[in-house]
Amino acid sequence: GTLVEGLPFDPVLSAVYARVGYAAFATDVPASIILTRYDDAEKKVEEDNRWWSGHNRDRLALPTFVFAGEPMLAYHYATVPDLANAQGCQPVVHVDVYEEPYALPVASNVDLFFDAYARYLEALLTLPTGRERGTSVLTFPWDVPEIIARDDRLVNLIQAGSFDQLMPSIEEQRWAQKVITTRGSLM
């Protein structure tokens, strides 16, 4: 329930920060993500969200809380407080702010985001050139709708149109439909 830069701090994300404070995942492949530092020594997640609220938050249709990103790129991972469940757990989106900003839903909560990203990395490393070429071979989340579709609550939110405002172009809408269709084939 704690507010950070005017938005509720996700309880699962809070628990992650209580345990690690900072993390870098898959730094040995070109598909890594960095969890923004937030511990007793440094409150970078607050600083980043202060900057985010002044530069990018208003460019998206729903408020987002940035907590991770891909190094050297304008790709971020953020929670969406307006779509929290009854326990306060917030869905996670992949945000791209290069040109026209958009956000793709990737998990119904932070825990399932880490699970989906781990499954993506496993799939990437099974490819012959996955370790060397990374996202040029398999891009998260675009190329892994079968991983995203495992999250029932997320698929229900997508079907209900909860993320439509964050996916303004036909390309994002097609991807969302692919996730829904893939979910149907997994059942």
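Look above for the structure.
Please read all numbers here as calculations on a predicted model, not as lab measurements.

Draft legend 1. Quick look at the overall build of the protein. Helix and strand content of the protein: seven helices and eight strands. Taking 16 Å as the expected radius of gyration for a compact globule of 187 residues, we find that the protein reaches 16 Å, a close match to that expectation. In the protein, which comprises 187 residues, the share counted as buried stands at 48%. The contacts of the protein with a sequence gap of at least 6 include a subset with a gap of at least 24, amounting to 51%. Total accessible area computed for the protein in this model is approximately 9,200 Å², and 51% of it derives from carbon and sulfur atoms. Of note, the protein has its 15 positive side-chain charges centred 3 Å away from the centre of its 26 negative side-chain charges.

Draft legend 2. Geometry of the packing of helix α6 (residues 152–159) against helix α7 (residues 170–186). Two elements in contact, α6 and α7, have axes whose closest approach is 10 Å; the angle formed by their N-to-C orientations is 130 degrees. Between α6 and α7, the angle falls in the class oblique. Our pair here, α6 against α7, has a crossing hand that is left-handed. Facing Asp152, Val155, Ile158 and Gln159 of α6, the residues of α7 in contact are Ala176, Val179, Ile180 and Arg183. Of the residues assigned to the contact of α6 with α7, the class counts are five nonpolar, one polar and two charged.

Draft legend 3. Here's a closer look at the packing of aromatic side chains. This structure, assessed with the given rule, holds 16 aromatic pairs. Ring centres of Phe67 and Phe113 lie 5.8 Å apart, and the angle between their planes is 85 degrees; this geometry places the pair in the edge-to-face category. Here the residue Phe67 occupies a position in strand β5 (residues 65–69), and Phe113 occupies one in helix α3 (residues 110–126), the gap between them amounting to 46 residues. Using a relative accessible area of 0% as the deciding quantity, one classes Phe67 as buried. By relative accessible area, which is 0% here, Phe113 ends up buried. Their ring planes at 50 degrees and their centres at 5.3 Å tell us that Tyr120 and Phe140 sit as a pair that is tilted. Note that Tyr120 is positioned in helix α3 and Phe140 in the loop between α4 (130–133) and α5 (145–148), a separation of 20 residues in sequence.

How each quantity is defined
- Residues numbered from 1 in each chain as written.
- Predicted model: local features only at pLDDT ≥ 70, side-chain atom pairs only at ≥ 80, totals over all residues.
- Heavy atoms only, no water.
- Helix = DSSP H or I, 4+ residues; strand = E, 2+ residues; numbered from the N terminus.
- Rg over C-alpha atoms; globule rule 2.2 N^0.38 Å.
- Buried < 20%, exposed > 50% of the residue type's maximum accessible area, 1.4 Å probe, protein only.
- Contact = heavy atoms within 4.5 Å.
- Areas by Shrake-Rupley, 256 points an atom, 1.4 Å probe, with all protein chains shown as cover.
- Lys, Arg positive; Asp, Glu negative; His and termini not counted.
- Charge placed at Lys NZ, Arg CZ, Asp CG, Glu CD.
- Axes fitted to C-alpha atoms, helices over the stretch in contact; angles between N-to-C directions.
- Parallel < 35°, antiparallel > 145°, perpendicular 65-115°, else oblique.
- Left-handed = near helix turned anticlockwise from the far one by under 90°.
- Nonpolar A, V, L, I, M, F, W, Y, C, P; charged D, E, K, R; others polar.
- Phe/Tyr/Trp six-rings, centres within 6.5 Å; stacked < 30°, edge-to-face > 60°.

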